[in-house]
Amino acid sequence: MSEHDIADATSDASLARSVARSHQIEELLATDPGRFRVLTGDRPTGRLHIGHYFGSHANRVRLQNMGVEQFNLIADYQVIYDRDGVGEIRDNVLNALADYVGMGIDPARTTVFTHSSIPALNQLLLPFLAVTTDSELRRNPTVKDELAGSARPMSGLMLTFPVHQAADILFCKANLVPVGKDQLPHIELTRTIARRFDERYGRAVPESPVFPQADALLSEVPLLLGMDGTKMSKSKGNTIEIGMDADTTARLIKRAVTDSDRHITFDPSGRPEVSNLVQLAALCLGRAPEDVAEELGDAGGGGLKKLVTEAVNEFFAPVRERRAEAIADPAQLWAILADGNARANEVAEQTLAEVRQAMQMDY
């Protein structure tokens, strides 16, 4: 067996373990949600869209309403990893706050905060970098993609992105991180950093480590494509934003890519664009995509788009109404962020104090 085959087999085995563990966690969530603390977040490079909602935010609201404590990061420092400026970052942060309120994130139960406001979180980078090797950073899929796909030199900040992400998770001692399968290497490195820190610096009570071993909670919602049939991306302009009005949503769906076959089927491999629209309708309607496709039958692309438009606009109508009320009062949104930052700072300072004590640097 070649090294490549061994790596693939190891990866497959690791994925299988993560899937099994994720299923086990779902059972534990149903009976004891208070045992978990979740870290999740967004990069404020543009407006949040329906792909974000179904891929992540709906699950955040679900976990919050189950009673799981959550820390929701607006990762403003991540904006400068791979670009020269911050763009309209203040506007993006404000709109993210409005989206959260619209989608049902309750700031009384979910701590919303920004990277740049939590000095102690960022200070954890130093001891964490000390237990991470250069080769481990370069093997990370996000870093590898940046190395392979960018014509510009990679910044030191981009190279250390996986460690910064570990600091995001560990500053609040999160033990659960909702992710897609492509993010599992980040969770594995976070677990490695937590373990190495305690092995290197130890504590007076070894059985009481400074950091928990975070688990991944894998999303079972398939990724939605953009309206042009390619990966949904803010930079491509192929998204339906959370805050868009019904008419704009209708125009975007009307331009969505389909095919010439009038009979609608759900076949993600053979008919990805049509199946994407069927999936979107199914998510909004709370139905199986196969059933939606069967009901549409020979309705063609026009009938499909009509159903999707109605389903999306009806589903997001209350979200958009709450969002509009929130964005009309920016002072209240900034107050929500200030409160979240204060809470996150309190937690980060406590964690940093424990780290300094473990390292015998608490002078």
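See above for the structure.
These figures come from a predicted structure and were not determined experimentally. (Residues numbered from 1 in each chain as written. Predicted model: local features only at pLDDT ≥ 70, side-chain atom pairs only at ≥ 80, totals over all residues. Heavy atoms only, no water.)

### Here we look at helix H13 (residues 289-296)
We count it as follows: Each residue's exposure class comes from its accessible area (1.4 Å probe, protein chains only) as a fraction of the maximum for that residue type: buried when under 20%, exposed when over 50%, partly exposed otherwise. Helix and strand assignments come from DSSP, with helices taken as H or I runs of at least 4 residues and strands as E runs of at least 2, each series counted from the N terminus. By arc we mean the arc of the directions from the helix axis to the C-beta atoms, nothing more. Here, residues are in contact when the closest pair of their heavy atoms is within 4.5 Å.
Every buried residue belonging to H13 is among Pro-289, Val-292, Ala-293 and Leu-296, and all of these are buried. Along the long axis of H13, the arc covered by the buried residues comes to 95°, so they all point the same way. Facing away from the buried side of H13 by over 90 degrees, the exposed positions are Glu-294 and Glu-295. In the core, the buried residues of H13 are packed alongside helix H12 (272-285) and helix H14 (300-327). Positive phi shows up at Gly-297, right after H13, with a value of about 55°.

### Some details on the side chain of Thr-132
Filter applied, for reference: Polar contacts, as counted here, are pairs of nitrogen or oxygen atoms within 3.5 Å of one another; within protein the pair requires one atom able to donate a hydrogen and one able to accept it, and residues that are adjacent in sequence qualify only if both atoms are side-chain atoms.
Looking at where Thr-132 falls in the secondary structure, it is placed in the loop between helix H5 (125-130) and helix H6 (134-139). Side-chain polar atoms of Thr-132 contact the backbone oxygen of Phe-128, separated by 2.8 Å. Apart from the residues lying within four places of it in its own chain, the contact partners of Thr-132 are Leu-137, Val-163, Leu-189, Ile-193 and Arg-196.

### Some remarks on the environment of Leu-137
Positionally, Leu-137 belongs in helix H6. With 21 residues separating them along the chain, Leu-137 and Met-158 place their C-alpha atoms 9.7 Å apart. Discounting chain neighbours no more than four positions away, the residues touching Leu-137 are Thr-132, Val-143, Leu-159, Thr-160, Pro-162 and Val-163.

### Looking at the side chain of Arg-60
Position of Arg-60 among the secondary structure elements: in helix H2 (residues 50-66). Within polar-contact distance, the side chain of Arg-60 engages the side chain of Asp-42 at 2.9 Å. Arg-60 has contacts with Thr-40, Gly-41, Asp-42, Gln-70, Asn-72, Tyr-100 and Ile-105, leaving out every residue within four places of it along the chain.

### With respect to the packing of aromatic side chains
Each aromatic ring pair is specified by the distance between its two centres and by the angle formed by the two planes. Just so we agree on the cut-off: To pair, rings of Phe, Tyr and Trp, with the six-membered ring standing in for Trp, must have centres within 6.5 Å; the planes then decide the type, stacked if under 30 degrees apart, edge-to-face if over 60, and tilted in the middle.
Using the criterion set out here, one finds 14 aromatic pairs in the structure. With a centroid separation of 5.1 Å and 85° between ring planes, the pair formed by Tyr-53 and Phe-54 is classed as edge-to-face. Seen in terms of ring centroids, Phe-71 and Phe-171 are 5.9 Å apart; in terms of plane orientation they differ by 90°. Their pairing is edge-to-face. Of this pair, Phe-71 sits in strand S2 (residues 69-74) while Phe-171 is found in helix H9 (residues 161-171), placing the two residues 100 residues apart along the sequence. Under the relative-accessibility criterion, Phe-171 is labelled buried at 0%. Chaining the aromatic ring pairs together yields one cluster made of Tyr-53, Phe-54, Phe-315 and Phe-316.

### Quick look at the pairing of strand S5 (residues 215-218)
The cut-off we apply is this: A pair of strands is considered paired only if DSSP assigns at least 2 bridges between the two.
Neither face of S5 is left uncovered, since the one carrying Asp-215 and Leu-217 and the one carrying Ala-216 and Leu-218 both have all their residues buried. Bridging between strand S4 (residues 176-179) and S5 involves four bridges; their strand directions are parallel. Following the sheet pairing, Leu-176 is matched in S5 by Asp-215.

### Observations concerning the packing of H9 against helix H10 (residues 184-201)
Defined as follows: Here the axes come from fitting lines to C-alpha atoms, over the contacting stretch only for helices, and the angles between their N-to-C directions go from 0 to 180 degrees. Angles are sorted into four bins: roughly parallel if under 35 degrees, roughly antiparallel if over 145, roughly perpendicular if 65 to 115, and oblique for all others. The nonpolar class holds Ala, Val, Leu, Ile, Met, Phe, Trp, Tyr, Cys and Pro. Asp, Glu, Lys and Arg form the charged class, and all remaining residues, Gly among them, are polar.
Close contact between H9 and H10 brings their axes to 9 Å; oriented N to C, the two are set at 70°. With respect to H10, the axis of H9 lies roughly perpendicular. Residues Phe-161, Pro-162, Val-163, Gln-165, Ala-166, Ile-169 and Leu-170 of H9 lie in contact with H10, whose contacting residues are His-186, Ile-187, Leu-189, Thr-190, Ile-193 and Ala-194. Among the residues forming the contact of H9 with H10, the class breakdown is 10 nonpolar, three polar and no charged.

### As for the environment of Leu-125
Inspection of the secondary structure assignment puts Leu-125 in helix H5. As a C-alpha pair, Leu-125 and Arg-287 span 162 residues in sequence and 44 Å in three-dimensional space. Excluding anything up to four places from it in sequence, Leu-125 contacts Val-163 and His-164.

### Points about helix H3 (residues 89-103)
What counts, and what does not: One less than the residue count of a helix, multiplied by 1.5 Å, gives the span that helix is expected to have.
The end-to-end C-alpha separation of H3 is 21 Å, in line with the 21 Å expected for 15 residues at 1.5 Å each. With 12 of 15 residues buried, H3 is to be regarded as a mostly interior element. Among the structural elements, strand S1 (37-42), H2, S2, strand S3 (110-114), H14 and helix H15 (330-358) are those in contact with the buried residues of H3. After H3 finishes, the residue Gly-104 shows a positive phi value of roughly 110°.

### Some points on the pattern of salt bridges
Which entries qualify depends on this criterion: We define a salt bridge as a side-chain nitrogen of Lys or Arg found within 4 Å of a carboxyl oxygen belonging to Asp or Glu.
Applying the stated rule across the entire model yields 16 salt bridges. Asp-91 serves as the salt-bridge partner of Arg-47, at 3.1 Å between the closest nitrogen and oxygen. Taken as a pair, Arg-47 in the loop between S1 and H2 and Asp-91 in helix H3 lie far apart in primary sequence, 44 residues in all. Relative accessible area serves as the criterion here: at 30%, Arg-47 is assigned to the partly exposed category. Given the relative accessible area of 30%, Asp-91 is considered partly exposed. Through salt bridges with shared partners, one network takes in Arg-21, Arg-191 and Asp-215.

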